[in-house]
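Observations on the three-dimensional arrangement
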Amino acid sequence: MGTYENFARVYDELMDNVPYREWGNFILARLKEEGIEGGLALELGCGTGKMMEILGEAGFDMIGVDNSIDMLEIAREKTSPSFLYLLQDMREFELYGTVKAIVSVCDSINYITDREELLKVFSLVNNYLDPGGIFIFDFNTDYKYREMIGEEVIAEDREDVSFIWFNEYDEESHLNDIDLTVFVKEENDLYRKFSEEHIQRGYELPEIIKLLRKSGLKFLKAYEEYEDRPAGEESERIVVVAKEQGKAPDR
């Protein structure tokens, strides 16, 4: 079963604690600092389109890429009909031209568990950005998986949906294996159960910067979460801003 195949149906409800509006305002502020306040923009791992809505409201023409058809179907139902959605894997996404900005939120980058494949993603980003275009993305750090959630069980019981989230972290491979079980309330107070497995890799900022530079992108800044302060050794989520500076990779 593909990642998010069933989870897509309850994703927004279970992720209602994510401050998308605050994150979006942060992203818009960083783009404005670089002179980008509209035009064509792409979101990698767009999910149900929450961030696309926010950027679209701010004047961006949005393209969304995701490898889950279930997520994209929900996004199409809930967002502007002018948005373009592409069913693609971010490791090999293709566009018809370049865009002013590319964003990726909610640790979508962590689903790329091989460094060479992440380099491929960054190289594609560099290829599809306008000259001087901006790439903003977040990622969960190795520190977060190792020290905070790596062996934790997260459970939540709500009126219509509940979930149990088992985490198992391997320090050698830097992989966090998530076993997710969700119970969805249906008719006659019966619950339907489904399970999925998610695997994410923890990264640290120095290796991310190295891969960005190898892809040809220029690293600009790294922030703690979506706050205007620099990332540190104990940051759990880091937001990175990078810039297109030419299509020939700096190797």
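Located above this text is the structure these notes cover.
Below or above, wherever it landed, is the structure these notes cover. As the structure is a prediction and not an experimental result, all values here were calculated from the model.

1. Overview of the sheet that holds strand β5 (residues 129-140)
- Pairing within the open sheet is mixed, and its seven strands lie in the order β3-β2-β1-β4-β5-β11-β10. Single-partner strands in this sheet number two, and they are β3 (84-87) and β10 (217-224). Between one strand axis and the next, the sheet turns by 20 degrees as a mean value, whatever way the strands run.
- Bridging between strand β1 (residues 39-44) and strand β4 (residues 99-104) involves three bridges; their strand directions are parallel. Within β4, the position partnered with alanine 41 by the bridge is alanine 101.
- Helix-sheet contacts for helix α4 (residues 69-78) involve β2 (60-66) and β3, and the interaxial angle to β3 is about 170 degrees.

2. Details of the nonpolar core
- Counting 35 residues, the largest nonpolar core has Phe122, Phe135, Leu212 and Val240 as the members making the most contacts within it.
- Breaking this core down by element, the ones donating at least two residues are β1, β2, β4, α5 (115-128), β5, α7 (205-215), β10 and β11 (237-244).
- When residues of this core are assigned to their parent elements, the largest contribution, seven residues, is made by α5.
- The next biggest cluster of nonpolar side chains, apart from the first, holds 29 residues, and it includes Ala41, Met51, Leu72 and Tyr85.

3. A few points about α7
- Buried residues of α7: Leu205, Glu207, Ile208, Ile209, Leu211, Leu212 and Ser215, and no others.
- Of the surrounding secondary structure, the elements contacted by the buried residues of α7 are α5, β5, β9 (191-201), β10 and β11.

4. Describing the side chain of threonine 181
- Looking at the element boundaries, threonine 181 is found in strand β8 (residues 175-185).
- According to the relative accessible area criterion, threonine 181 is buried, its value standing at 13%.
- If sequence neighbours within four positions are ignored, threonine 181 has contacts with Ser162, Phe163, Ile164, Lys193, Phe194 and Ser195.

5. Quick word on the environment of valine 240
- Inspection of the secondary structure puts valine 240 in strand β11.
- With residues near it in sequence (within four places) discarded, valine 240 still touches Phe135, Ile136, Phe137, Phe139, Leu205, Ile208, Leu212, Phe219, Lys221 and Ala222.

6. Some details on the sheet that holds β9
- Taken together, four strands build an open sheet; the order of strands is β6-β7-β8-β9 and the sheet is antiparallel. Bordering the open sheet on either side are β6 (153-157) and β9, each of which pairs with just one other strand. Ignoring which end each strand starts from, the neighbouring axes of this sheet average 10 degrees apart.
- Two strands pair when backbone bridges link them, and strand β7 (residues 161-170) and β8 are joined in this way by ten bridges, in the antiparallel orientation. Its bridge partner being in β8, tryptophan 165 is matched across the sheet by leucine 180.

The rules we used
- Residues numbered from 1 in each chain as written.
- Predicted model: local features only at pLDDT ≥ 70, side-chain atom pairs only at ≥ 80, totals over all residues.
- Heavy atoms only, no water.
- Pairing = 2+ DSSP bridges.
- Helix = DSSP H or I, 4+ residues; strand = E, 2+ residues; numbered from the N terminus.
- Axes fitted to C-alpha atoms, helices over the stretch in contact; angles between N-to-C directions.
- Contact = heavy atoms within 4.5 Å.
- Core = buried A, V, L, I, M, F, W, Y, C linked by side-chain atoms within 4.5 Å.
- Buried < 20%, exposed > 50% of the residue type's maximum accessible area, 1.4 Å probe, protein only.

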